[in-house]
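Below are the chains, spelled out letter by letter.
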Amino acid sequence: MPELPEVETIRRDLDREFAGKKVKAVQITGARSVRRGTHDDLTARLVGRSFKTVKRRGKYVVVVLDSGEWLVVHLRMSGQLLKAAAKAPRPKHTHVVIEFTHGIQLRFVDPRTFGEAFVVDPARLADEAPDVAELGWDPLEDPLPWVDFARLVLGRRVQLKALLTDQKVIAGLGNIYSDEALHAAGLRYDRLANTLTVQEVRRLFRAIIEIVHEAVQARGSSLADEQYVDIYGKPGAYQDQHQVYAREGRACPRCRATLQRTKWGGRSTFFCPACQI
DNA sequence: CGATCTACCTGATGGC
DNA sequence: TGCCATCAGGTAGATC
C-alpha cells in the first residue's frame, strides 16, 4: 500500500520520535516478517544499538544504527509501523516489536505478511540486498538534471506506467502516484516511453516531482480501508486531492470528460480518455 | 529487452 | 445469515 509519500511521512516521524533512542529488546513473533537472516541474528544486531537517523530509499525505510548497520523495513501491501506504549494492547498481526527505554515500542504490524524487516551492513548492500542497492531515481531525494531523466525515458520502448512503477528506474512510485503523475502530465498509461516529445518528457518530470511533494505535504494517501496510517495511527489527507485515482465515472478536473478505470498489468488503472494522450 | 502470469497472504465488500 | 468471487497501496520469478 504505502508508496513514497506515505513512507516519507513515516520516515520523518520515526526520525523525530526515535533518533538517539536505544533498543532494549526485540520480540519477533511473525515468522514471515524476518526472512533475510535468522530472528536471533536480527535481535542480536539491534539490541543495545541506538537509532541514529531514519532515512528512506524509494519505499524502503532505512534506520541507520550507531553500529553503522541499517535496519531496513519494507511495508509492501499492508505493513504499518506504529509507535505505542508497551502496555497498550497489541493489534492483531503484530509481528515485530522493538522496545526502547521508558516503555515505548515501535511495532511492525502487517496482516498480509508481505512486508519485511532485516539488518544489513551497507558495505555489503549489493550482495545482501540488491533490491535496495539497485533502486533508481528518488524524486524527493535525488536532484536529477531533467536531461538525465529524458535519457531514462527515451531509451526505453516500454509503456509509461511500467516505466514509472519500475523501482530500478524511479524509486517510490506505485499504483496511485503513477496514475496521478501521468494525469498531471497529460499522458496515457500505455503510451510508449520512447515516443514522447521533449516537451512531454519535461512535463512528466515536473509532474512526478510536484505530485510527490504535494502528497508528502498532505502526509500521504489513505483509501477507504485506512490501511495506511502514520506511526500515530492517523490517516493521510492526499486522497482528497486525487485527480483520477479511484475516481472512475466522475468528471476529469482538467477537461470534464468522464474518467475511466481499466486493468493494466493486473491492477486497476485510472485515467482521462480525453486529455491524456 | 518487454509483456504477462503466478505466487505470496488476510480482510473487506458485494452479489446471490 | 452464509457462501463465494473479487479486490486491495508491492514485488519477484517463471515463461514466452
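Figured I'd write up the structure that's included with this text. (Residues numbered from 1 in each chain as written. Chains lettered and ligands numbered in written order. Predicted model: local features only at pLDDT ≥ 70, side-chain atom pairs only at ≥ 80, totals over all residues. Heavy atoms only, no water.)

A few words on the nonpolar core. Residues Phe 149, Leu 160, Leu 164, Ile 170, Leu 204 and Ile 208 are the most contacted members of the largest nonpolar core, which totals 42 residues. When residues of this core are traced back to their parent elements, those giving at least two are helix H5 (146-154), helix H6 (160-165), helix H7 (175-185), helix H8 (198-217) and strand S10 (267-271). Tallying contributions element by element places H8 first for this core, with nine residues. When residues no more than four places from it in sequence are discounted, the contact partners of Ile 208 are Trp 137, Pro 139, Phe 149, Leu 164, Ile 170, Leu 173 and Ala 181. Formed by 28 residues, the second largest nonpolar core is a distinct cluster that contains Val 7, Ile 28, Val 61 and Val 119. (Core = buried A, V, L, I, M, F, W, Y, C linked by side-chain atoms within 4.5 Å. Buried < 20%, exposed > 50% of the residue type's maximum accessible area, 1.4 Å probe, protein only. Helix = DSSP H or I, 4+ residues; strand = E, 2+ residues; numbered from the N terminus. Contact = heavy atoms within 4.5 Å.)

Moving on, we come to the side chain of His 183. As for its placement among the helices and strands, His 183 is situated in helix H7. Residue His 183 is classed as buried on the basis of its relative accessible area of 3%. Other than its neighbours up to four places away in sequence, His 183 contacts Gln 243, Val 244, Cys 252, Pro 253, Arg 254, Cys 272, Cys 275 and Gln 276.

Moving on, we come to the packing of aromatic side chains. Both the distance between ring centres and the angle between the ring planes are used here to describe each pair of aromatic rings. Across all of its chains, the model carries nine aromatic pairs by this definition. Ring geometry for Phe 51 against Phe 100: centres 5.1 Å apart, planes inclined by 90 degrees, an arrangement best described as edge-to-face. Within this pair, whereas Phe 51 is found in strand S2 (residues 51-57), its partner Phe 100 is found in strand S6 (residues 94-100), the two being separated by 49 residues in sequence. On the basis of relative accessibility, which here comes to 1%, the residue Phe 51 falls in the buried class. Grouped by ring-pair contacts, the aromatic residues Phe 18, Phe 51 and Phe 100 constitute a single cluster. (Phe/Tyr/Trp six-rings, centres within 6.5 Å; stacked < 30°, edge-to-face > 60°.)

Okay, the protein's contact with DNA strand C next. Around DNA strand C sit 22 residues in total, of which Met 1, Leu 223, Asp 225, Arg 267 and Ser 268 are the nearest. If you look at DNA strand C and keep only atoms within 4 Å of the protein, 53% of those are sugar or phosphate atoms. Tyr 245 is positioned with one of its side-chain polar atoms (N or O) 3.0 Å from a phosphate oxygen of DNA strand C. Between DNA strand C and Arg 261 there is a distance of 3.1 Å, counted from a phosphate oxygen to a side-chain nitrogen or oxygen. Among the secondary structure elements, those contributing two or more residues to the surface near DNA strand C are H7, strand S9 (260-264) and S10. For the surface near DNA strand C, the class distribution of residues is six nonpolar, seven polar and nine charged. (Near = heavy atom within 4 Å. Polar contact = N/O pair within 3.5 Å; in protein donor to acceptor, adjacent residues only side chain to side chain. Nonpolar A, V, L, I, M, F, W, Y, C, P; charged D, E, K, R; others polar.)

Here the focus is unusual backbone geometry. Not every positive phi belongs to a glycine, and Arg 76 is a case in point at roughly 45 degrees. Relative to the helices and strands, Arg 76 resides in the loop between strand S4 (70-74) and strand S5 (80-85). We classify Arg 76 as partly exposed; its relative accessible area is 36%. Despite not being glycine, Ala 246 shows a phi value in the positive range, around 60 degrees. Judged by its relative accessible area of 47%, Ala 246 falls in the partly exposed class.

Moving on to the sheet that holds strand S7 (residues 104-109). Read across the sheet, four strands follow the order S1-S6-S7-S5 without closing on themselves; strand pairing throughout is antiparallel. Edge positions in the sheet fall to strand S1 (23-28) and S5, since each has one partner strand and no second. If you compare each strand with its neighbour and ignore which way they point, the axes differ by 20 degrees on average. Relative to S7, S5 runs antiparallel, the two being bridged by six bridges. Looking at the pairing, Ala 84 lines up with Gln 105 of S7. Where helix H2 (residues 39-46) meets the sheet, it contacts S1 and S6, and its direction lies at approximately 165 degrees from that of S1. (Pairing = 2+ DSSP bridges. Axes fitted to C-alpha atoms, helices over the stretch in contact; angles between N-to-C directions.)

The subject of this paragraph is the sheet that holds S4. The pairing of strands in a sheet happens through backbone hydrogen bonds and is either parallel or antiparallel. Across the sheet, four strands lie side by side as S2-S3-S4-S8; this open sheet has antiparallel pairing. Looking at strand neighbours, the two that pair on one side only are S2 and strand S8 (116-120), the edges of this open sheet. Each neighbouring strand pair of the sheet contributes to a mean axis angle of 20 degrees, computed without reference to strand direction. Both S4 and S8 contribute to a ladder of five bridges, which runs antiparallel. In the sheet register, Trp 70 faces S8, and the bridge partner there is Val 120. Sitting on the sheet, helix H1 (residues 4-18) is in contact with S2 and strand S3 (60-65), with an inclination near 175 degrees to S2.

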